[in-house]
Amino acid sequence: MALKSDSAGHAGCDGDRAAGQAGARAADETGNRATGQTGDRATGETGDRATGAAGAAGDRATGAAGHGAGGLLPPGAAEVPQRVQRDQRMTRVLRQNSGVISLGGLHRLGFSRHDVAGFVAHGDLRRLHRGVYVDGRAPLKDDAYFKAALLTLGTGAWLSGTTAAMVWGLTAASVVGVEISVVASSTPKHPGLRIRRVSQPPHPSEIRIVRGLCVSSISRLLIETAAGGGTREELDQLIEAAVRRNRLDVPDLAATLARHHGRRGAGRVNATVSAYLPRSDRKSGLERSFDRWLTKHPGIPEPQRNVKLGPWELDCYWPE
């Protein structure tokens, strides 16, 4: 009975070991499957979350870039830098040209009429004359208005008369009613401009360049001012200013008057300027200017000229 019991015990132990081993293998396989499934699920979920996060980050980056450019970028987003370059070129042209640009110049930079209308609507440009625009956000100097007038009439035009006198510094500048001349039989009307049409081109010596502006010479502008109705007093003031600034070229004036002999204004200028022409008892432009002033004050007696007084020489001397 004991031996039977031992055999049964051994059998029980063997059965227990077999059952234990079978249970262990089952547990291992079950654990492995569970681990694999758990790992797969974890990996899948982590990958999905990472992919989703990357996609969201990409969407945010794309959105941020789009908003930085003024909204979501369209398929033709490469045009944006081109527009920036055109804007920069326009800014450079305005700076180099006193804040003035023509419609043709804008077209050459790549801007359409629609673009130009947008600039005007937003205040970036201001229409000054037909086909001529100025910087709408910067103050303009007098020369900008003069240059705009020349652009309006195109090649062959020049500032004349009293406006030319302003450019030369002979009188105070005014941008109201800019006077401009051109060789033409007819021209369109341009508000703000006084257009003088001439039939013959001026002599080359009668057109000068001052600060980049095409203007009449001083000799020619005197005739133009007289022909436009300038008074004797106005001519006197212009001549005096030219004398004081040492800009009255007497030989050039004589040649200009000879070319314009018989034309309107030439006779009046000739009579006015005679008091300023050199004489044997005159030495300087200031003396000639003083003589002109003296003729307007008849109560002052005529002085003695160039009187020696010790080591000095007096231009004008009244002994009493």
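Residues numbered from 1 in each chain as written. Predicted model: local features only at pLDDT ≥ 70, side-chain atom pairs only at ≥ 80, totals over all residues. Heavy atoms only, no water.

Draft legend 1. How the structure looks around the sheet that holds strand S2 (residues 125-129). If you trace the 3 strands from one edge of the open sheet to the other, you get S1-S3-S2, paired in antiparallel fashion. With one partner strand each, in any of the chains shown, strand S1 (100-102) and S2 form the two edges of the open sheet. On average, adjacent strands in this sheet sit at an angle of 35° to one another, irrespective of strand direction. With 4 bridges connecting them, S2 and strand S3 (residues 132-135) associate as antiparallel partners. Residue pairing across strands places Leu125 opposite Asp135, the latter belonging to S3. Its contacts with the sheet put helix H5 (residues 142-153) on S1, S2 and S3, and the angle it makes with S2 is roughly 65°. (Pairing = 2+ DSSP bridges. Helix = DSSP H or I, 4+ residues; strand = E, 2+ residues; numbered from the N terminus. Axes fitted to C-alpha atoms, helices over the stretch in contact; angles between N-to-C directions. Contact = heavy atoms within 4.5 Å.)

Draft legend 2. Structural detail: the packing of helix H7 (residues 218-227) against helix H8 (residues 232-244). It is the contact of H7 with H8, at a shortest axis distance of 10 Å, that shows an interaxial angle of 170°. Of the possible angle classes, the one that applies to H7 and H8 is roughly antiparallel. Taken together, the residues of H8 that come into contact with H7 (itself represented by Ile218, Leu221, Leu222, Thr225 and Ala226) are Leu235, Leu238, Ile239 and Ala242. Grouping the constituent residues of the contact of H7 with H8 by class yields 8 nonpolar, 1 polar and no charged. (Parallel < 35°, antiparallel > 145°, perpendicular 65-115°, else oblique. Nonpolar A, V, L, I, M, F, W, Y, C, P; charged D, E, K, R; others polar.)

Draft legend 3. Quick look at the packing of H7 against helix H10 (residues 266-273). One can describe the packing of H7 onto H10 by two numbers: an axis separation of 8 Å at closest approach and a directional angle of 115°. Considering how the two elements wind past one another, H7 and H10 form a crossing that is right-handed. Residues Leu222, Ile223 and Ala226 of H7 form the contact with H10, whose participating residues are Ala266, Arg268 and Val269. Of the residues contributing to the contact of H7 with H10, the split by class is 5 nonpolar, no polar and 1 charged. (Left-handed = near helix turned anticlockwise from the far one by under 90°.)

Draft legend 4. Spatial organisation of the nonpolar core. With 37 residues, the main nonpolar core has Leu159, Leu170, Val215, Leu221 and Leu222 as its most contacted residues. Here the element with the most residues in this core is H8; it accounts for 6 residues. Not counting the four nearest positions on each side in its chain, Leu170 is found in contact with Ala165, Ile218, Leu238, Ala241, Ala242 and Arg245. With 11 residues, the next largest nonpolar core counts Ile101, Phe111, Phe119 and Tyr133 among its residues. (Core = buried A, V, L, I, M, F, W, Y, C linked by side-chain atoms within 4.5 Å. Buried < 20%, exposed > 50% of the residue type's maximum accessible area, 1.4 Å probe, protein only.)

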